[in-house]
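Chains, contacts and geometry: an overview
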Amino acid sequence: MSGAVDPGRRRVLTGLAVATAFSILSPFARSAGVDYPFTLGVASGDPLPDGFVIWTRLAPVFNAVDGRGGLSRAVPVRWRVASDAAMTRIVKQGEVMATARFAHAVHVEVAGLEAGRPYWYQFEGLGAQSPVGQSRTTPQVHALASARLGFVSCSHWERGYFSAYRHLAAEQPDLVFFLGDYIYDSSYAADSGKVFRSHGSGNAVSLSDYRNRYALYKTDPDLQALHAAAPSVATWDDHEVQNDYANRWSQDPKIAVAQFLKQRAAAYQAYYEHMPLRASSVPKGPDMRLYRRLDYGRLARFHVLDGRQYRSEQPCIPANGSHQGHVAANTCSDLRAPGRTMLGWQQEAWLDQGFAQSKAQWNVIAQDLLVAPLTQRDLTSHKVGRWTDGWDGYMANRSRMLASIERHRLSNPVFWGGDIHSFWTTDLHADANNPDSPIVATEFVGSSVTSDGPPYDAFMQIMPLNPHVKFFDSRQRGYVSVELEASKMLTNFRVITDPRDPAATVSTLKSFVVEPGRAGAIAL
Ligand code: FE
Ligand code: CA
C-alpha cells in the first residue's frame, strides 16, 4: 500500500522500530549471552489473503560445531500474532515443539486472518521472548490495491555488510523476494585479499556446515531487520548448494552423482530449516518443492521458479569434464537442443498452466537468473559465445516459455532475476535472435547485496552486440524496489555507497516505468 501519510504506514514504522530495537539494541539480546535462544531473529513468508508462515529457529549457540545450535532435546515454543505492533491485541496464538529433526526451527502456518493488512508476531521459548516481526496478509482475491515490493540476491558474507537489506527494510515493503545466493556455500581463501569478514569455516558440504552457514548469515542485524519488517518469498540459485551445480551434477566431475545428491539433500534441508516456507516445501531426501505461485489480489500473480533442481546437465562440457559455467562457442549444439530443459518438464508444464489461468493485471516471473540472451566474450580468450550456466545454455526452454506467454496473451509479463551481480533492464523478444521480432516481456535484474560484480568495461564492450539490453551497470551493490499499481510499474535500482561500510547510505541509480499493454521498460 503506497502513500506516505496513511496511518497504516505509521503503524508499520512503529512495528519496525520495535523489531529493530529488540534485535539490535536490546541489552537482553546481547548480554544474556549463550542462553538467549532467538539469536537468528524471526521471519515470515509465503503470505495468503488469510495468513502467512512465521519462522524462527532456537539457537543459543548459533555456531555449535554439531550444527544443533546448542540444543538437543525438544523445546516447546509459544507463538502469538497480534493486530498491533505493541502485541496487545492478540488474534491468534498457539504452541509448537521445536525439535532436533529440523535444528529447532519453527514454521507455523498462521490462517484465519483478515486480508490485506499488517500483523505482528512473536515467539517465546526457554524463558525468553523473540524480537517482534511484522508481516502482512495479501489482499483479497479481486482487490487491485497497489503494492510496494522489493527483490534482492547474492549476499556473500565475506564481501561486506548487508546495508542493502537495511535500506530495503526502511522502505517498508509489503513483500520482499529473495532470488538466490542468500548464502554462499564457498569461502574465499584467507590470503585471497577477498575476506572482509570471514565465514570462519571452509566450503559447506555436510548438514552441520550448511546449518551453521545459514545461522551465521542470520545473525546479521540488517538481514534480521529486513525479515522482521516484511514477509518474504524465497527461491534459490546455485550457492545455496554449490557453485554452478545443475540438478544432480556437481560442478566438479570428480564428485559422483550419488555423493552430490547427499550434499544436495543436506543443503536443501538447511534451506528449508532457515526460510519461512510452508510444509509443502519440507524436503524428501534430495528433493524439495520450491516452485510455487502467489497471488497478490488481482494486481499481480508471482510465478516463483526453481532454476536449479530439475535442469538438464550443463551444456557444452569441455574435454576436462568440468561442469562449471563458461562462455561456449555459439555453434555448440547443446545450447539450442530442444530436448534440454532448465526448469524440468513438470515445472515447464506447471508454468504454462499458471500463465493460461492467470487473471492478474501483472505477471511477475520471479527467478534466479538473467533471462535475456547475451552475446559475450570470454574474459581471457576474448572469444564470442554464450554463458552456459544461464538461460543461454537452455535456449529451447526459454523459447518455449516466451511462446507460452504469447500463446496465452499473458497480461503484462515481467521477469525478475539475480545471479549476475549487476543491474539489467532488457527487452525479451519473441525470437531471441531477431531484435525486430515483437517484445514479449520486460526484464529487470538486480545487483548483488555484496558479491563482486562482473568487470564493467569488458561488459560495456559487448553491449553493441546486444541491442535488446536497455541498461547495464555492475559497479555498485544494492537491491531493487518496485511500486506496483494497476496502471503502472515503477522500478528503482537502489545502490549503497560501500559494502565495506556498515553505515553505508543509499541512493537511486536509475528508475524505469512499465505501462500496461506495452512490454518494454521506459527509462525515467
Ligand atoms: Fe551470486
Ligand atoms: Ca549464482
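No experiment lies behind these values; they were computed from the predicted model shown.

1. Points about helix H7 (residues 345–357)
- In a regular helix each residue adds 1.5 Å, so 13 residues correspond to 18 Å; H7 covers 18 Å between its end C-alpha atoms and thus fits that length.
- Where H7 is concerned, the buried positions are Gln347, Glu348, Trp350, Leu351, Gly354 and Phe355. One face of H7 carries all of its buried residues, which in axial projection span an arc of 165 degrees.

2. Considerations on the nonpolar core
- Formed by 42 residues in total, the largest nonpolar core has its most connected members in Tyr165, Phe178, Tyr210, Tyr217, Tyr271 and Met288.
- For this core, the secondary-structure elements that each account for two or more residues are helix H3 (163–170), strand E10 (175–178), helix H4 (207–218), helix H5 (221–229) and helix H6 (257–274).
- A total of seven residues in this core trace back to one element, the largest contributor, which is H6.
- With 33 residues, the next largest nonpolar core counts Tyr291, Tyr394, Leu410 and Phe472 among its residues.

3. Let's talk about the confidence of the model for the chain
- Scored by pLDDT, the chain has a mean of 93; 94% of the residues are at 70 or more.
- Every residue in residues 1–34 is under pLDDT 50, and counting partners more than four places away or in other chains gives 60 contacts.

4. Section: the sheet that holds strand E14 (residues 327–329)
- As summarised here, the arrangement of the three strands in space is E14-E17-E16, forming an open sheet in which the pairing is antiparallel. The sheet is open, and its two edges are formed by E14 and strand E16 (376–377), each paired on a single side.

5. Things to note about the coordination of the calcium ion (ligand 2)
- Protein-derived coordination of the calcium ion (ligand 2) comes from Asp181 (OD), Asp237 (OD), Asp238 (OD) and Asp419 (OD), at a distance range of 2.2 to 2.7 Å.
- We note that the donor set of the calcium ion (ligand 2) lies within a single chain, spaced as D-x55-D-D-x180-D.
- Between the calcium ion (ligand 2) and the iron ion (ligand 1), a spacing of 3.8 Å is present, and a bridge between the two is formed by aspartate 181. Taken as a pair, aspartate 238 in the loop between strand E11 (232–234) and H6 and aspartate 419 in the loop between strand E18 (413–417) and strand E19 (423–429) lie far apart in primary sequence, 181 residues in all.

6. Description of the side chain of histidine 303
- Along the chain, the position of histidine 303 falls in strand E13 (residues 300–304).
- Among the polar contacts made by the side chain of histidine 303, one reaches the side chain of asparagine 363 at a distance of 2.9 Å.
- Once residues lying within four places of it in the same chain are set aside, the contact partners of histidine 303 are Arg292, Arg293, Leu351, Gly354, Phe355, Asn363, Val364, Ile365 and Ala366.

7. Notes on the state of the cysteines
- Under the criterion given, the structure shown has one disulfide.
- Here cysteine 316 connects covalently by a disulfide to cysteine 332, the sulfurs 2.0 Å from one another. Its torsion about the S-S bond being -105 degrees, the disulfide of cysteine 316 and cysteine 332 is classed as left-handed. Placement of the pair is cysteine 316 in the loop between E13 and E14 and cysteine 332 in the loop between E14 and H7, with a sequence separation of 16 residues.
- Among the residues examined, cysteine 332 registers a relative accessible area of 18% and is labelled buried.

Reading guide: rules and limits
- Residues numbered from 1 in each chain as written.
- Chains lettered and ligands numbered in written order.
- Predicted model: local features only at pLDDT ≥ 70, side-chain atom pairs only at ≥ 80, totals over all residues.
- Heavy atoms only, no water.
- Helix = DSSP H or I, 4+ residues; strand = E, 2+ residues; numbered from the N terminus.
- Expected span 1.5 Å × (residues − 1).
- Buried < 20%, exposed > 50% of the residue type's maximum accessible area, 1.4 Å probe, protein only.
- Arc of directions from axis to C-beta.
- Core = buried A, V, L, I, M, F, W, Y, C linked by side-chain atoms within 4.5 Å.
- pLDDT = per-residue confidence, 0-100.
- Contact = heavy atoms within 4.5 Å.
- Pairing = 2+ DSSP bridges.
- Donors = N, O, S within 2.8 Å, 3.2 Å for Na, K, Ca; no water.
- Polar contact = N/O pair within 3.5 Å; in protein donor to acceptor, adjacent residues only side chain to side chain.
- Disulfide = S-S within 2.5 Å.

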